[in-house]
Amino acid sequence: MFSTPDAELVSLSHVLDLAGTFVFALSGAMAGVRRKLDLFGVLVVSFVAANAGGITRDILIGAVPPGAINDWRYLVASLLAGIITFFFPSTITQQWNRILLLFDAAGLALFAVSGTHKALAYGLNPIMAALLGMLTGIGGGMARDLLLGEIPIVLRADLYAVAALAGAAIVVIANMLQLPPGVATLVGAALCFGLRVLAIRRGWHLPVSGTDK
Amino acid sequence: MFSTPDAELVSLSHVLDLAGTFVFALSGAMAGVRRKLDLFGVLVVSFVAANAGGITRDILIGAVPPGAINDWRYLVASLLAGIITFFFPSTITQQWNRILLLFDAAGLALFAVSGTHKALAYGLNPIMAALLGMLTGIGGGMARDLLLGEIPIVLRADLYAVAALAGAAIVVIANMLQLPPGVATLVGAALCFGLRVLAIRRGWHLPVSGTDK
Amino acid sequence: MFSTPDAELVSLSHVLDLAGTFVFALSGAMAGVRRKLDLFGVLVVSFVAANAGGITRDILIGAVPPGAINDWRYLVASLLAGIITFFFPSTITQQWNRILLLFDAAGLALFAVSGTHKALAYGLNPIMAALLGMLTGIGGGMARDLLLGEIPIVLRADLYAVAALAGAAIVVIANMLQLPPGVATLVGAALCFGLRVLAIRRGWHLPVSGTDK
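Small disclaimer: the values here were computed from a predicted structure and weren't measured. (Residues numbered from 1 in each chain as written. Chains lettered and ligands numbered in written order. Predicted model: local features only at pLDDT ≥ 70, side-chain atom pairs only at ≥ 80, totals over all residues.)

A few points about the relation of the copies chain A and chain C
Then, number 1: When chain A is fitted to chain C, the residual RMSD is 0.0 Å, and the transformation amounts to a turn of 120° plus an axial shift of 0.0 Å. Such a combination of turn and shift is consistent with a three-fold rotation axis. If distances are taken from each C-alpha of chain A to the rotation axis, the shortest is found for Gly149 of chain A, at 3.6 Å.
Then, number 2: A share of only 12% of interface residues in chain A that are also interface residues in chain C marks the association as one of differing surfaces. (Least-squares fit on C-alpha atoms with pLDDT ≥ 70 in both. Contact = placed C-beta atoms within 7 Å.)

Here it is, written out as structure tokens:
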């Protein structure tokens, strides 16, 4: 289905995809541990945080069963992150926090870019492909928050979704200009990652209605 | 796919559909502004409030990608409503409230009727087609409330869903009697709209268990 | 689609499936009455609690329209439970509580087993088929809780999901060993039901991170 010119790039992208899954699952597991879920609950939130974005995208574009359901490696990566966090929560929360933010930015970049590629491959129009790429990146975190009874943090915090959308837009523009997808992947992911890291460092955020007047 | 006898009716219905999308998006945007979401969050809730009902219906009947994902005009109508509400919230909330309730009733009527037509066109049985029509009308508001961490208002407030179901039932009955769909659309939408406006004016609501004893 | 060797078993399974739907709908209706929903709201939560697990499974495996949308008997069983609970809430909550827990365990067992069979029939791999069977059993209760603004109870309470997973695993293992599906159904359902009843009686639960250290 994909227009993939380069087998090496594909397997690199797959490794990065699984790394992104693992990191997003860590974020879900940490949220679950904080809310005193039991082991099963923590594993469910891990899986959801890592895979809900991609699953929603796949349902919307008609790619069923979704990749995260069909390929057992996504399950293993999610469960592994959940188990580690559950049994060694202090390790993760204390020392890894800064590294995790970087990994999370990398996962966001990769999911946004690969999600856009997949939506384009299924014939979505450019604007919707970019939005579905963004959804792939942010959907897991939204589902994680909803499952825990919270308003999704992405709806009111800094440049998370915008960074994902910027990366997705690069992929769509490159596709319209018929540039090679490998280049689009690298530039798009780098832009998303860079924007996200800068937003964290400098505290960039979008305006909130009323308060900014 | 649709049995559409009359091109004029179709384009009228499309215009009304977009108007309904715009009004439902306004309701989502206003809820988002009240909850202090940032610009991105407000736009997401706008889109969800306007399109979640139709998207859920399309996923359930196998019409993927859903119309709201495939046709960029739904996105534009949603974003426009979100941007206006975000930057001029006082305008909307103060002066437009009564007009908005009428528009919302019109959107409900139109979504219920057009959703039922689409479910019938995809071969659903009459009862389920009417329920999916109702879902098209009320699903966006339900998703909006869930996204904001609230119990959907439609589950405990006045004759909102019943009005949608009544309009949908007209379409189904007309279909079973092989009456022309144009007539069914007009009568069904008028019934839904009329019931909803009466329910607002007279404070009609369904019983609540326990309190009515 | 199903590999069903025995017509009698199929119709038995169908009767039990509807009984499970009815009992899960009761649990949804009771939760809705407690939260002071109106009649419509109670019926919606009844339907969701009984059918959301199966609907989600069907969407994920590409079986659209989902069975619960296509077969009106699931709707009737759900609405019946909702109406009874709405108009006679004291009857249900007071005297039936213990019987309901048994019925709920039976519904869980049956949904987990039949959900696994269906996922296998649609070509899912064994691990994912077992997880989708579990999801069929627990998904309705999760959706019920989310609709009412609560963290799903299954994420933090006793051996509910594990019992469903155990029953589903039996079906998957029997399928890999090419044992007759009828035997797998009986053994899997019995194991799930037994585990669940034992968990209730003895207060078994999974560890919670932090508190068990």
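Considering the relation of the copies chain C and chain B
Then, number 1: Taken as rigid bodies, chain C and chain B are interconverted by a rotation of 120° and an axial shift of 0.0 Å, the fit giving an RMSD of 0.0 Å.
Then, number 2: Looking at chain C, a mere 12% of its interface residues are interface residues in chain B too, so the copies touch through different faces.

Examining the packing of helix H2 (residues 39–61) of chain C against helix H6 (residues 97–121) of chain C
Residues and elements named next belong to chain C.
Then, number 1: Packing of H2 against H6 leaves a shortest axis separation of 11 Å and a crossing angle of 10°. Taken together, the axes of H2 and H6 lie roughly parallel to each other. You can see that H2 and H6 cross each other, and the crossing is right-handed. Between H2 and H6, the residues in contact are Gly53, Gly54, Arg57 and Ile61 and Phe111, Gly115, Lys118 and Ala119, respectively.
Then, number 2: Classifying every residue of the contact of H2 with H6 by side-chain character gives three nonpolar, three polar and two charged. (Axes fitted to C-alpha atoms, helices over the stretch in contact; angles between N-to-C directions. Helix = DSSP H or I, 4+ residues; strand = E, 2+ residues; numbered from the N terminus. Parallel < 35°, antiparallel > 145°, perpendicular 65-115°, else oblique. Left-handed = near helix turned anticlockwise from the far one by under 90°. Nonpolar A, V, L, I, M, F, W, Y, C, P; charged D, E, K, R; others polar.)

Observations concerning the interface of chain A and chain C
Then, number 1: Listed as interface residues are 24 residues of chain A and, on the opposing side, 23 residues of chain C.
Then, number 2: Every element with two or more residues in the side of chain A that touches chain C is listed here: helix H2 (39–61), helix H3 (67–70), helix H4 (72–87) and helix H7 (126–147) of chain A.
Then, number 3: The dominant element in the side of chain A that touches chain C, judged by the number of residues it contributes, is H2 of chain A, at six residues.
Then, number 4: Its residues assigned to classes, the side of chain A that touches chain C comprises 18 nonpolar, three polar and three charged.

Details of the interface of chain C and chain B
Then, number 1: In this complex, chain C contributes 24 residues to the contact, which on the side of chain B involves 23 residues.
Then, number 2: Of all the elements in the fold, those that place two or more residues in the side of chain C that touches chain B are H2, helix H3 (67–70), helix H4 (72–87) and helix H7 (126–147) of chain C.
Then, number 3: For the side of chain C that touches chain B, the residue count by class is 18 nonpolar, three polar and three charged.

Let's talk about helix H6 (residues 97–121) of chain B
Then, number 1: Its 25 residues give H6 of chain B an end-to-end C-alpha distance of 36 Å, which sits within 8% of 36 Å, the value for a rise of 1.5 Å per residue.
Then, number 2: The positive-phi residue at the C-terminal boundary of H6 of chain B is Gly123 of chain B, with phi of around 85°. (Expected span 1.5 Å × (residues − 1).)

Comments concerning the packing of H2 of chain C against H4 of chain C
Residue and element names in this part refer to chain C.
Then, number 1: Relative orientation of the contacting elements H2 and H4 amounts to 135°, with a least axis distance of 8 Å. Between H2 and H4, the crossing angle belongs to the class labelled oblique. Judged by the sense of rotation from one axis to the other, the crossing of H2 with H4 is right-handed. Residues Leu39, Val42, Leu43, Ser46, Phe47, Ala50 and Asn51 of H2 form the contact with H4, whose participating residues are Tyr74, Leu75, Ser78, Leu79, Ala81, Gly82, Thr85 and Phe86.
Then, number 2: Its residues assigned to classes, the contact of H2 with H4 comprises ten nonpolar, five polar and no charged.

Quick look at the environment of Asp71 of chain C
Then, number 1: For Asp71 of chain C, the location among the structural elements is in the loop between H3 and H4.
Then, number 2: Separated by 45 residues in sequence, Asp71 of chain C and Thr116 of chain C have C-alpha atoms that sit 19 Å apart.

Bear in mind that shape data such as this cannot, by itself, settle questions of function.
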